[in-house]
Amino acid sequence: MADAKVIPFDDDRSRGGAGKVVPRRRGASGRRKGEPMAVREVAPLPGQQDGEPSPGAGRYEAPPERPRDGGGLERRVAGGLAFLRRRLTGDYDVDEFGYDKELTDQVLMSLVRPLYEKYFRVEVKGIENIPAEGGALIVANHSGTLPLDGVMMQVAVHDNHPQNRHLRLLAADLVFMLPVVNELARKAGHTLACAEDAQSLLERGELVGVMPEGFKGIGKPFSERYKLQRFGRGGFVSTALKAGTPIVPCSIVGAEEIYPMIGNAKTLARLLGFPYFPITPTFPWLGPLGAVPLPTKWTIQFGEPIPTDGYPPEAAEDPMLMFNLTDQVREQIQHTLYKLLVQRRSVFF
């Protein structure tokens, strides 16, 4: 509806009664729409001369302009293009182990982060036990038929630590014999599980992750879930003693149930060169669909660090000391696993 008009009294048409005044709705200020605002005179302040501007006059500052919605998108697009240019021109750094930090941050972490946040819904505890700087050896239990627990632990350290530290995992030689997996593991910072590589990384101030159970832990049947297997000969303790870095025990709950291993086709495993060939309630019966992990709820807890810098250099060759420290780490991880299992209300929720 068009606005009603007011015919002014001084208009020629209003003279002689020809014109008609149409009332208009007043606004909140009491002023009719279209009328000029009345100017209210303000008494001068004490000591202020006539015509002198009031204190603060002309100091009005407009509110800050809100950023445009496209600013974040533009920055992301520019960052992505710069990343592609560096990849194409080879202008990026890779260390002697093949670790590509930029590719890990920009691509690899982004690919597995939805699995970490939305699918497994990982809860992290005790992140403050990981040192803010310097080397440290993180020792964790191993389970799940496929080594997803190592990848989830890597994301947990990076995304929850105040310094966003990177975890360099020690992997079995089988990982570096598989095509594609070999390259991805190297790019993500994994290296061969040998004392020389581990000690070199620790002495450089890196966080190093190791799972001493190896294939015995990841390939154990579902009936033995959350029961730690033997921790080898304690080589990881010797490495930490030589580097003088603390050992941080880590307990992971939730990985055991992603692929409940109810059988092992040993003959097929030998033919394929694998340490085991798992049979689960869904694999191989459902084909590729059976390879999808179950959406269990995970908890990763980092325990109090065990210092090693107070031992003499020859302590790394003391078998009794290595046995005692290995047993201490194993017992701490096992005790925390039992405690987390008691606190867990559901496997999936």
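Above: the structure in question.
Residue positions are counted from 1 within each chain, in the order its sequence is given. Totals for whole chains, interfaces and linings use every residue, but because this is a predicted model, local features are given only for residues with pLDDT of at least 70 and side-chain atom pairs only at 80 or more, for both listing and counting. To get the side-chain values, take all heavy atoms of the structure and skip hydrogens and water.

(A) Fine view of the packing of helix H2 (residues 101–119) against helix H3 (residues 148–160). Two elements in contact, H2 and H3, have axes separated by 10 Å at closest approach and are oriented at 105°. It follows from the interaxial angle that H2 and H3 lie roughly perpendicular. Contacts between H2 and H3 pair Asp-105, Met-109, Val-112, Arg-113, Leu-115, Tyr-116 and Glu-117 from the former with Val-151, Met-152, Gln-154, Val-155, Ala-156, His-158, Asp-159 and Asn-160 from the latter. The nonpolar class holds Ala, Val, Leu, Ile, Met, Phe, Trp, Tyr, Cys and Pro. Asp, Glu, Lys and Arg form the charged class, and all remaining residues, Gly among them, are polar. Considering only residue class, the contact of H2 with H3 consists of eight nonpolar, three polar and four charged. Where helices are involved, their axes are fitted lines through C-alpha atoms of the stretch in contact, as for all axes, and angles between N-to-C directions lie from 0 to 180°. In this description a helix means any DSSP run of H or I spanning at least four residues, a strand means any run of E spanning at least two, and both kinds are numbered starting from the N terminus. For classification purposes, an angle smaller than 35 degrees is called roughly parallel, one larger than 145 roughly antiparallel, one from 65 to 115 roughly perpendicular, and anything else oblique. By definition in these notes, contact holds between two residues if any of their heavy atoms fall within 4.5 Å.

(B) Fine view of the pairing of strand S2 (residues 136–140). Each residue is placed in one exposure class: buried if its accessible area under a 1.4 Å probe, protein chains only, is under 20% of its type's maximum, exposed if it is over 50%, and partly exposed if it falls in between. Counting buried positions over the five residues of S2 gives five, a clear majority of the element. Taking every second residue as pointing to the same face, both faces of S2 are buried, with Ala-136, Ile-138 and Ala-140 on one and Leu-137 and Val-139 on the other. At least two bridges found by DSSP between two strands are what make those strands a pair. Here S2 runs beside strand S5 (residues 207–210); their pairing, made up of four bridges, is parallel. Residue pairing for S5: Ala-136 is matched across the bridge by Leu-207.

(C) Highlighting the pairing of strand S6 (residues 247–253). Most of S6 is tucked away: seven of the seven residues are buried. Both faces of S6 are covered, namely the face carrying Ile-247, Pro-249, Ser-251 and Val-253 and the face carrying Val-248, Cys-250 and Ile-252. The pairing of S6 with strand S9 (residues 299–302) spans four bridges and is antiparallel. If you follow Val-253 over to S9, its bridge partner there is Thr-299.

(D) Quick look at unusual backbone geometry. A cis amide bond links Phe-283 to the next residue, Pro-284, at an omega of 5°. For Pro-284, the position within the fold is in the loop between strand S8 (278–279) and S9. Backbone geometry places Thr-145, a non-glycine residue, at a positive phi of 70°. Checked against the element boundaries, Thr-145 lands in the loop between S2 and H3. Using a relative accessible area of 6% as the deciding quantity, one classes Thr-145 as buried. A positive phi is found at Val-180, a non-glycine position, where the angle reads about 70°. By the secondary structure assignment, Val-180 is in the loop between strand S3 (167–171) and helix H4 (181–187).

(E) Spatial organisation of the side chain of Arg-165. Among the structural elements, Arg-165 can be located in the loop between H3 and S3. No salt bridge forms around the buried Arg-165; measuring N to O, its nearest opposite-charge neighbour Glu-206 is 5.7 Å away. Think of a polar contact as two N or O atoms within 3.5 Å of one another; within protein, one of them needs to be a possible hydrogen donor and the other a possible acceptor, and neighboring residues in sequence only count if both atoms come from side chains. In this structure the side chain of Arg-165 is engaged in a polar contact, spanning 2.9 Å, whose partner is the backbone oxygen of Gly-134. Dropping the residues within four chain positions of it, Arg-165 is found in contact with Pro-131, Ala-132, Glu-133, Gly-134, Val-157, His-158, Gly-205, Glu-206 and Leu-207. Charge assignment in this entry is limited to Lys and Arg as positive and Asp and Glu as negative, and neither His nor the chain termini are counted. Here, a salt bridge means any Lys or Arg side-chain nitrogen found within 4 Å of an Asp or Glu carboxyl oxygen.

(F) Spotlight on the packing of aromatic side chains. By convention, a stacked pair of Phe, Tyr or Trp rings (six-membered ring in the case of Trp) has centres within 6.5 Å and planes under 30 degrees apart, an edge-to-face pair has planes over 60 apart, and any other such pair is tilted. Tallying each qualifying case throughout the model produces four aromatic pairs. With centroids separated by 5.3 Å and ring planes inclined at 70°, the aromatic side chains of Tyr-119 and Phe-120 adopt a geometry described as edge-to-face. Seen in terms of ring centroids, Phe-120 and Trp-298 are 4.7 Å apart; in terms of plane orientation they differ by 25°. Their pairing is stacked. One end of the pair, Phe-120, is in the loop between H2 and strand S1 (123–125); the other, Trp-298, is in the loop between S8 and S9, with 178 residues separating them in the sequence. With respect to burial, Phe-120 and Trp-298 carry one shared label: buried.

(G) Looking closely at the pattern of salt bridges. Applying the stated rule across the entire model yields 14 salt bridges. Ionic pairing is found between Arg-87 and Glu-102, a salt bridge with its closest N-O pair at 3.4 Å. A residue pair is termed long-range when its members are at least 10 positions apart, and Arg-87 in helix H1 (residues 70–89) and Glu-102 in helix H2 qualify at 15 residues. Of the charged contacts, one joins Arg-204 and Asp-95 as a salt bridge, the two residues approaching to 3.7 Å between their closest N and O atoms. On the criterion of sequence distance, the pair formed by Arg-204 in the loop between helix H5 (195–203) and S5 and Asp-95 in the loop between H1 and H2 is long-range, its members being 109 residues apart. When salt bridges that share partners are traced, they join Asp-95, Glu-96, Arg-168, Arg-204 and Glu-206 into one network.

Just distances and angles here, no functional claims.
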